[in-house]
Amino acid sequence: MSVLGVLALAALAGWLYLALGHGGFWRTGPGLPECADPPGWPPVVAVVPARDEAAVLPETLPTLLAQEYPGPLAVIVVDDGSADGTADVAARLGGGLPDGLGGLRVVQAGERPPGWAGKVWAMSRGVEAAGEPEYLLFTDADIACAPGTVTRLVRVATAERRDLVSQMATLSTHTRWERLIVPAFVYFFAQLYPFRRVTRDGARTAAAAGGCMLVRRAALARAGGLAAIRGALIDDVALGRLLKRAGGRCRLDLSRDVVSRRPYPRLADLWTMIARSAYHQLRYSPVLLAGTVAALLLIYVVPPVAAVTGGAGLALGARHAAVPAAAGLLAWTIMAATYVPMLRFYRLSPLRAPALPLVALMYAAMTVDSARRHRAGRGGAWKGRTVTPRESRTTGS
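Heads up: these notes are all about the structure in this document.

Cut-offs and rules
- Residues numbered from 1 in each chain as written.
- Predicted model: local features only at pLDDT ≥ 70, side-chain atom pairs only at ≥ 80, totals over all residues.
- Heavy atoms only, no water.
- Core = buried A, V, L, I, M, F, W, Y, C linked by side-chain atoms within 4.5 Å.
- Buried < 20%, exposed > 50% of the residue type's maximum accessible area, 1.4 Å probe, protein only.
- Helix = DSSP H or I, 4+ residues; strand = E, 2+ residues; numbered from the N terminus.
- Salt bridge = Lys/Arg side-chain N within 4 Å of Asp/Glu carboxyl O.
- Disulfide = S-S within 2.5 Å.
- Lys, Arg positive; Asp, Glu negative; His and termini not counted.
- Polar contact = N/O pair within 3.5 Å; in protein donor to acceptor, adjacent residues only side chain to side chain.
- Contact = heavy atoms within 4.5 Å.
- Expected span 1.5 Å × (residues − 1).
- Bend = angle between axes of the 7 residues up to and from the residue.
- Phe/Tyr/Trp six-rings, centres within 6.5 Å; stacked < 30°, edge-to-face > 60°.
- Lys NZ or Arg CZ within 6 Å of the ring centre and 35° of its normal.
- Axes fitted to C-alpha atoms, helices over the stretch in contact; angles between N-to-C directions.
- Parallel < 35°, antiparallel > 145°, perpendicular 65-115°, else oblique.
- Left-handed = near helix turned anticlockwise from the far one by under 90°.
- Nonpolar A, V, L, I, M, F, W, Y, C, P; charged D, E, K, R; others polar.
- Pairing = 2+ DSSP bridges.

Among the nonpolar cores identified, the biggest contains 84 residues, and Trp15, Phe138, Leu239 and Tyr300 are the most heavily contacted of them. The element that contributes the greatest number of residues to this core is helix α12 (residues 322-345), accounting for 10 residues. Membership of the second largest hydrophobic core comes to 32 residues, among which are Cys35, Leu73, Ala141 and Ile143.

Our next topic: the pattern of salt bridges. Counting across every chain of the model gives 17 salt bridges. Where Glu160 meets Arg162, a salt bridge forms, and the shortest distance between an N and an O atom there is 2.9 Å. The pair formed by Glu160 and Arg162 is uniform in burial state, with each residue classed as buried. It is possible to trace a salt-bridge network through shared partners that takes in Glu160, Arg162, Asp201, Arg249, Arg251 and Asp253.

The subject of this paragraph is the state of the cysteines. On inspection of all chains with the given rule, the structure shows zero disulfides. Between Cys35, a cysteine without a disulfide, and Cys212, which holds the nearest cysteine sulfur, the sulfur-to-sulfur distance is 15 Å. The structure places no disulfide on Cys145, whose sulfur is separated from the nearest cysteine sulfur, that of Cys212, by 6.2 Å. Cys145 gets classed as buried once you look at its relative accessible area, which sits at 11%.

Mapped onto the elements of the fold, Asp79 is located in strand β2 (residues 73-79). Buried and without a salt bridge, Asp79 has Arg51 as its closest oppositely charged side chain, separated by 7.4 Å. Among the polar contacts listed, one links the side chain of Asp79 to the side chain of Ser82, at a separation of 2.6 Å. Dropping the residues within four chain positions of it, Asp79 is found in contact with Ala50, Thr86, Ala87, Val107, Gln108 and Ala109.

This brings us to helix α11 (residues 286-315). In this model, α11 (30 residues) spans 41 Å end to end at C-alpha, consistent with the 44 Å of a helix rising 1.5 Å per residue. Along its length, α11 reaches its greatest deviation from straightness, about 45 degrees, at Val301, and the proline Pro303 lies no more than four positions downstream. Immediately beyond the C-terminal end of α11, within one or two residues, lies Gly317, with a positive phi of roughly 90 degrees.

This brings us to the packing of aromatic side chains. Taken as a whole, this structure holds 12 aromatic pairs when the rule is applied. Judged by centre distance (5.5 Å) and plane angle (85 degrees), the rings of Trp41 and Tyr69 are edge-to-face. Of this pair, Trp41 sits in the loop between α1 (3-21) and β1 (44-50) while Tyr69 sits in the loop between α2 (57-65) and β2, placing them 28 residues apart in sequence. Linked through ring pairs, Trp15, Phe25, Tyr187, Phe188, Tyr300, Tyr339 and Tyr363 together constitute an aromatic cluster. Here the guanidinium or amino end of Arg256 rests over the ring plane of Phe345, the centre of that ring lying 4.3 Å away.

Running from N to C, α11 and α12 cross one another at 140 degrees; their axes reach a closest spacing of 7 Å. Classified by the angle their axes make, α11 and α12 are oblique. Considering the relative orientation of α11 and α12, their crossing is left-handed. Between α11, through Ile299, Tyr300, Pro303, Pro304, Ala306, Ala307, Val308, Gly310, Gly311 and Leu314, and α12, the contact on the second element is made entirely by Ala322, Pro324, Ala325, Gly328, Leu329, Ala331, Trp332 and Met335. Among the residues making up the contact of α11 with α12, the classes are represented as 15 nonpolar, three polar and no charged.

What follows is about the pairing of strand β7 (residues 212-216). Of all five residues in β7, five are buried; the element is thus mostly enclosed. Taken together, the five bridges between strand β4 (residues 135-139) and β7 define a ladder with antiparallel strand orientation. By the bridge assignment, Leu136 is partnered in β7 with Val215. By the bridge criterion, three bridges tie strand β6 (residues 164-170) to β7 in an arrangement that is antiparallel. Directly across from Val165, in β7, lies its bridge partner Leu214.

Structure below.
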């Protein structure tokens, strides 16, 4: 048997496992269940870290302030060293609302201590300012919430006794590059952290989506608080792991109620978004980097190469081409089939599914570029900040 045939069979075995035994990662539903109202509506404080977000806040903050939550709800915007008037914009949008529960408060993050990632520090300042509500809702400045979102989150958290209820926001797909990259980004995230395994008690898989994380404050405190993940560049996954390792019950779903308004009009914008954290996720390990790239090539690139090359060989009468042609085509078909639900979730044509290997190649290149950026001292760059491996390792996340 040819080398290509062996690789194609290995890729097929990989896809059979992914499709049938990997937590149904490719499924996009059903979302949050319908739950009964709690006996009493607990206080919730939403914490919104914001750094240079003056442009997007008018599209998003009003949707949070307009939530008709039956219990006490307050919003804290933490201005994380902005230079564009973010604090003034937030205060103006909340004009006329009282401070404290039922209103908007803007606080300054202040100087970031050594070892703290910028966003986690801003989140911690929001927690400090929040007092002692039963729940904290961590959300991002670019996130818009549909009416009733907070109410639905609390219903699920109380009915299912969850310490974390997180919703993966629907990302923008207005541009050509967004339509190509974004659905694959969510698909790959779900492949790394199958949502059903995150939700299952006792499963080791843990994660969250930073755009919407409703957290029971007492559970966070028992787990060590945000100081336990102070250096985390990927704060949402780190928070999910922190809570679940401490015995917390977590839930993660896709959502159309929570929508990101942040545009990524150019390929460079999307490239930077992914490259800023990819090498951090691999723990800055060249070995893990090499293994990840090799796995991407085997699982995503070998099937179409084997199918096309083997098919061409069969057309020329080469019998040895039958194995790579058949195995490659079947693996490619399974791959495309698992991608279709995500494309439909984003209301995109299923005809895009066979092109997933090309997108995976781009992700492999972004991952390699992430390592290059970190070695050049530009790792984790975001709005004028960089994160060094030493800083991000202070929590072991």
